[in-house]
Amino acid sequence: MIGYIAYREDVKTWAVEEKNLLGLRFLRLTLPKGRRVLGKHYAGRAARAMGKLGVRQAVFPTDFPWQELFARRGVLPVDTLPFYRRMAPQIVKKQMADLGLSPGSTTVAAVGDNLTGELSRILTELALQVRYLTVSMKYGAEEFCHSLRREYGVSVLQRPTRAQLEEAQALLLFSPREGLACTNPIVLHLYDGERVLQRNGVTFGLPPKLEGELEENCSREQVLSALLTAGILQNDQIPVLEVDKAEKSYYNADTMTNIE
């Protein structure tokens, strides 16, 4: 079972109960907010209890100060990286609309290491949105690209040069690559785990059925990731509200390897 931590000012002690969100059961832990000494004590006891109950991942509040106590007991935040990867086509679609980019003239470039089943599904969805796809993978992309051309009539470029990657309107990085300027109109970093939110600056909405079900300080990305991974939600049920591209300095914080 996945944990769900509610960090609230209107409670005085900690409590555990089950919570149902769209059919997925969570073990909901309520902890008092603003009680520094007692709060840490309660958090330590609660973390120990969650660990003993076999909880290994949880949805944490965005302003939670005791996350390390839970990590010591093997309770980690729900991984949001698979969520961001699966939402990549919707994010690109939103940014294309915001920038006035036409699907018929837009090139999406994808950079990665191995072409996994996960990446194949993402790239197939992207190929159905735009006319031109550029794929730079170290292994396993040859047959996949042929199948895209054969089944969907997509124009696919393999083994692109650095210049061709930088000319694409959208650049999706599933692994690091050195030397790319990352000044494309659309850039998504989809490989660096916990920092993916800060690097991509994406804001997601909630499906109508979840409105009012979550605390204001709940990490909605972690909740959505859990529901999407469980198959309770589909990509197109999650609204992409905004993608902040005003500041690009943090997009170039990492270097990337192996351009042809």
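Residues numbered from 1 in each chain as written. Predicted model: local features only at pLDDT ≥ 70, side-chain atom pairs only at ≥ 80, totals over all residues. Heavy atoms only, no water.

Enquirer: I'd like a rundown of the sheet that holds strand E5 (residues 76–77), residues and numbers included.
Expert: Read from one edge of the open sheet, five strands run E2-E3-E1-E4-E5, paired in mixed fashion. Two strands bound the open sheet, and with one partner strand each, they are strand E2 (15–21) and E5. Taken together, the seven bridges between strand E1 (residues 2–8) and strand E3 (residues 24–32) define a ladder with parallel strand orientation. Following the sheet pairing, Tyr7 is matched in E3 by Leu31. Sheet strands touched by helix H1 (residues 36–52): E1 and E3. Its angle to E3, the strand with the most contacts, is close to 160°. (Pairing = 2+ DSSP bridges. Helix = DSSP H or I, 4+ residues; strand = E, 2+ residues; numbered from the N terminus. Contact = heavy atoms within 4.5 Å. Axes fitted to C-alpha atoms, helices over the stretch in contact; angles between N-to-C directions.)

Enquirer: Residue-level account of unusual backbone geometry, with values.
Expert: Across residues other than glycine, the phi torsion is negative in most instances, and most of the peptide bonds are trans. One non-glycine residue with positive phi stands out, namely Leu22, at about 55°. Mapped onto the secondary structure, Leu22 falls in the loop between E2 and E3. Even without a glycine there, the phi angle at Cys182 is positive, about 55°. Mapped onto the elements of the fold, Cys182 is located in the loop between strand E9 (170–173) and strand E10 (186–189).

Enquirer: Run through the nonpolar core, naming residues and quoting values.
Expert: Generally speaking, a soluble globular protein has its nonpolar side chains buried in company with each other. Membership of the largest hydrophobic core comes to 56 residues, with the highest contact counts inside it found for Tyr4, Ile91, Leu172, Phe204 and Val223. Contacts of Phe204, omitting those with residues within four sequence positions, involve Phe83, Tyr84, Met87, Ile91, Arg220, Glu221, Leu224, Ile238, Pro239, Val240 and Leu241. Of all hydrophobic cores here, the second largest spans 18 residues; its members include Ile5, Leu29, Leu31 and Phe64. (Core = buried A, V, L, I, M, F, W, Y, C linked by side-chain atoms within 4.5 Å. Buried < 20%, exposed > 50% of the residue type's maximum accessible area, 1.4 Å probe, protein only.)

Enquirer: How would you sum up the packing of aromatic side chains? Please name residues and give values.
Expert: Under the criterion given, the structure shown has eight aromatic pairs. Plain terms: the ring middles of Tyr4 and Phe26 are 6.1 Å apart, the flat faces sit at 75° to each other, and that makes the pair edge-to-face. With a gap of 22 residues between them, Tyr4 in strand E1 and Phe26 in strand E3 connect regions that are remote in the sequence. What makes Tyr4 buried here is its relative accessible area of 0%. Of the residues examined, Phe26 reaches a relative accessible area of 0% and is grouped as buried. (Phe/Tyr/Trp six-rings, centres within 6.5 Å; stacked < 30°, edge-to-face > 60°.)

Enquirer: Talk me through the packing of helix H5 (residues 117–127) against helix H6 (residues 142–152); I want residue IDs and the actual numbers.
Expert: Relative to each other, H5 and H6 sit at 35°, their axes nearing to 11 Å. The two elements H5 and H6 meet at a crossing, and its hand is right-handed. Together, Ser120, Leu123, Thr124 and Ala127 of H5 and Phe144, Leu148 and Tyr152 of H6 make up the contact between the two elements. A breakdown of the residues in the contact of H5 with H6 according to their chemical character gives five nonpolar, two polar and no charged. (Left-handed = near helix turned anticlockwise from the far one by under 90°. Nonpolar A, V, L, I, M, F, W, Y, C, P; charged D, E, K, R; others polar.)

Enquirer: Outline the sheet that holds E9, supporting the account with residue identities and numerical values.
Expert: Strand order in the open sheet formed by five strands is E8-E7-E6-E9-E10, and the pairing between neighbours is parallel. The open sheet has two edge strands with one neighbour each: strand E8 (155–158) and E10. Within the sheet, the average angular offset between the axes of one strand and its neighbour, ignoring direction, is 15°. Looking at chain direction, strand E6 (residues 107–114) and E9 are connected through four bridges and run parallel.

Enquirer: Requested: an account of the side chain of Asn217, with residues and values cited.
Expert: You can see Asn217 is positioned in the loop between strand E11 (202–204) and helix H9 (220–229). By relative accessible area, Asn217 is classed as buried at 13%. Engagement of the side chain of Asn217 in a polar contact is seen with the backbone oxygen of Tyr7, the distance being 3.2 Å. Polar side-chain contacts of Asn217 include one of 2.9 Å to the side chain of Asp63. Those residues in contact with Asn217, other than ones at most four positions away along the chain, are Tyr7, Lys33, Pro61, Thr62 and Asp63. (Polar contact = N/O pair within 3.5 Å; in protein donor to acceptor, adjacent residues only side chain to side chain.)

Enquirer: Explain the pattern of salt bridges to me, and be specific about the residues and the numbers.
Expert: Applying the stated criterion to the full structure yields 12 salt bridges. Arg8 is the salt-bridge partner of Glu215, the closest N and O atoms lying 3.2 Å from each other. Highlighted residues: Glu215 in the loop between E11 and H9 and Arg8 in strand E1, separated in sequence by 207 residues. According to the relative accessible area criterion, Arg8 is partly exposed, its value standing at 27%. One salt bridge connects Glu118 with Arg85, and the closest N-O pair in it is separated by 3.1 Å. Taken as a pair, Glu118 in helix H5 and Arg85 in helix H3 (residues 81–86) lie far apart in primary sequence, 33 residues in all. (Salt bridge = Lys/Arg side-chain N within 4 Å of Asp/Glu carboxyl O.)

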